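# Notes for the structure review
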Amino acid sequence: PYSNCKDISEDQSRYVKRIFELGKTYNHLNCVDLCYQDFIIKSCDCFDLHFITLDDNSSPCVNRTQYRCLKENFKIFHKNGKSLECAKECPFSCDSMDYELTTSYSG
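The written sequence of each chain sets the order in which its residues are numbered from 1. Predicted model: local features are reported for residues with pLDDT of at least 70 only, side-chain atom pairs are reported and counted for 80 or more only, and whole-chain, interface and lining totals are derived from all residues. To obtain the side-chain values, all non-hydrogen atoms of the structure were used and water was disregarded.

### Some thoughts on the packing of aromatic side chains
When the centres of two rings from Phe, Tyr and Trp lie within 6.5 Å, Trp using its six-membered ring, the rings pair. Their planes under 30 degrees apart give stacked, over 60 give edge-to-face, and anything left gives tilted. Overall, the coordinates contain 4 aromatic pairs when judged by the stated rule. Ring geometry for Tyr36 against Phe51: centres 5.1 Å apart, planes inclined by 70°, an arrangement best described as edge-to-face. Taken as a pair, Tyr36 in helix α2 (residues 28–44) and Phe51 in the loop between α2 and α3 (64–79) lie far apart in primary sequence, 15 residues in all. Each residue is assigned to one of three classes by its accessible area relative to the maximum for its type, calculated with a 1.4 Å probe on protein chains only: buried under 20%, partly exposed between the two thresholds, exposed over 50%. With relative accessibility at 26%, the residue Phe51 sits in the partly exposed group. Relative to Phe74, the ring of Tyr36 has its centre 5.8 Å away and its plane inclined at 85°; by these criteria the two rings are edge-to-face. Put simply, DSSP marks the helices as runs of H or I at least four residues long and the strands as runs of E at least two long, and each gets a number from the N terminus on.

### A closer look at α3
Expected span of a helix: the number of residues minus one, times 1.5 Å. In this model, α3 (16 residues) spans 23 Å end to end at C-alpha, consistent with the 22 Å of a helix rising 1.5 Å per residue. Taken residue by residue, α3 has Gln66, Cys69, Leu70, Asn73 and Phe77 as its buried positions. For α3, the angular spread of buried residues about the axis comes to 105°, placing them on one side. Exposed side of α3, more than 90 degrees from the buried face: Arg64, Tyr67 and Lys79 are the residues found there. On its buried face, α3 is in contact with α2 and α4 (82–89). Residues adjacent in sequence count toward polar contacts only when both atoms are side-chain atoms; beyond that, a polar contact is any pair of N or O atoms within 3.5 Å, and within protein one must be able to donate a hydrogen and the other to accept it. The backbone nitrogen of Thr65 lies 3.1 Å from a side-chain oxygen of the residue at the head of α3, namely Asn63. The directions from the helix axis to the C-beta atoms form the arc being described. Should any heavy atoms of two residues lie within 4.5 Å, those residues are considered in contact.

### Some points on the packing of α2 against α3
Geometry of a packed helix pair, given as the angle between the helix axes and the separation of the axes. Geometry is summarised by axes, namely lines fitted to C-alpha atoms with helices restricted to the contacting stretch, and by angles between N-to-C directions that run from 0 to 180 degrees. Contact geometry for α2 and α3: axes closest at 10 Å, N-to-C directions at 130°. Classed by the angle they form, the pair α2 and α3 counts as oblique. When you trace α2 past α3, the crossing you get is right-handed. The residues of α3 that touch α2, namely those facing Cys35, Tyr36, Phe39, Ile40, Ser43 and Cys44, are Cys69, Leu70, Asn73, Phe74, Ile76 and Phe77. When its residues are assigned to classes, the contact of α2 with α3 shows 10 nonpolar, 2 polar and no charged. Note on terminology: angles under 35 degrees are roughly parallel, angles over 145 are roughly antiparallel, angles of 65 to 115 are roughly perpendicular, and the others are oblique. Crossing handedness: left-handed means the near helix sits turned counterclockwise from the far one by under a right angle, and right-handed means the same turn made clockwise. Basically, the charged four are Asp, Glu, Lys and Arg, the nonpolar ten are Ala, Val, Leu, Ile, Met, Phe, Trp, Tyr, Cys and Pro, and anything else, Gly included, counts as polar.

### Focus: the confidence of the model for the protein chain
Confidence of the prediction at every residue is given by pLDDT, a number between 0 and 100. Taken as a whole, the protein chain shows an average pLDDT of 81; of its residues, 82% reach a score of 70 or greater. For the protein chain, per-element mean pLDDT is lowest for α4, which scores 82, and highest for α3, which scores 92.

### What to know about the nonpolar core
For this analysis, a nonpolar core means a set of buried residues of the types Ala, Val, Leu, Ile, Met, Phe, Trp, Tyr and Cys, connected via side-chain atoms within 4.5 Å. Tyr15, Tyr26, Cys31 and Ile40 are the most contacted members of the largest nonpolar core, which has 20 residues in total. Elements represented by at least two residues in this core include exactly α1 (14–21), α2 and α3. Looking at which element gives the most residues to this core, the answer is α2, with 8 residues. If we skip the residues at most four places from it in the chain, Tyr15 touches Cys31, Leu34, Cys35, Asp38, Leu54 and Glu89.

Listed below in structure tokens is the structure:
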């Protein structure tokens with residue numbers, strides 16, 4: 001499911017730009033994760049520690065109230081189509097490789 005191939009380093013999406021600012025390798029999932037973080041920061045005024053963040057000025061979600069907000073908004077993000085909106089801002093890269101790990105043995 002690749003997009004039309006283009007130089008992602010010149011993409012104007014702030015999520016794509018942030019990935020390059022952080023020195024990370026671009027991939028679609030990292031971009032959607034940043035968009036998710038943006039949604040959480042706006043909704044809960046803190047960020048999810050499990051993902052990279054867009055905003056260096058926010059603090060992590062650590063107390064019970066913030067965790068509840070995080071949990072509720074995680075569901076909202078995935079149920080109301082916000083994740084699909086984020087996917088539109090995050091092109092698929094044309095030059096990535098994914099590997100599937102398998103283990104085999106003989107007995």
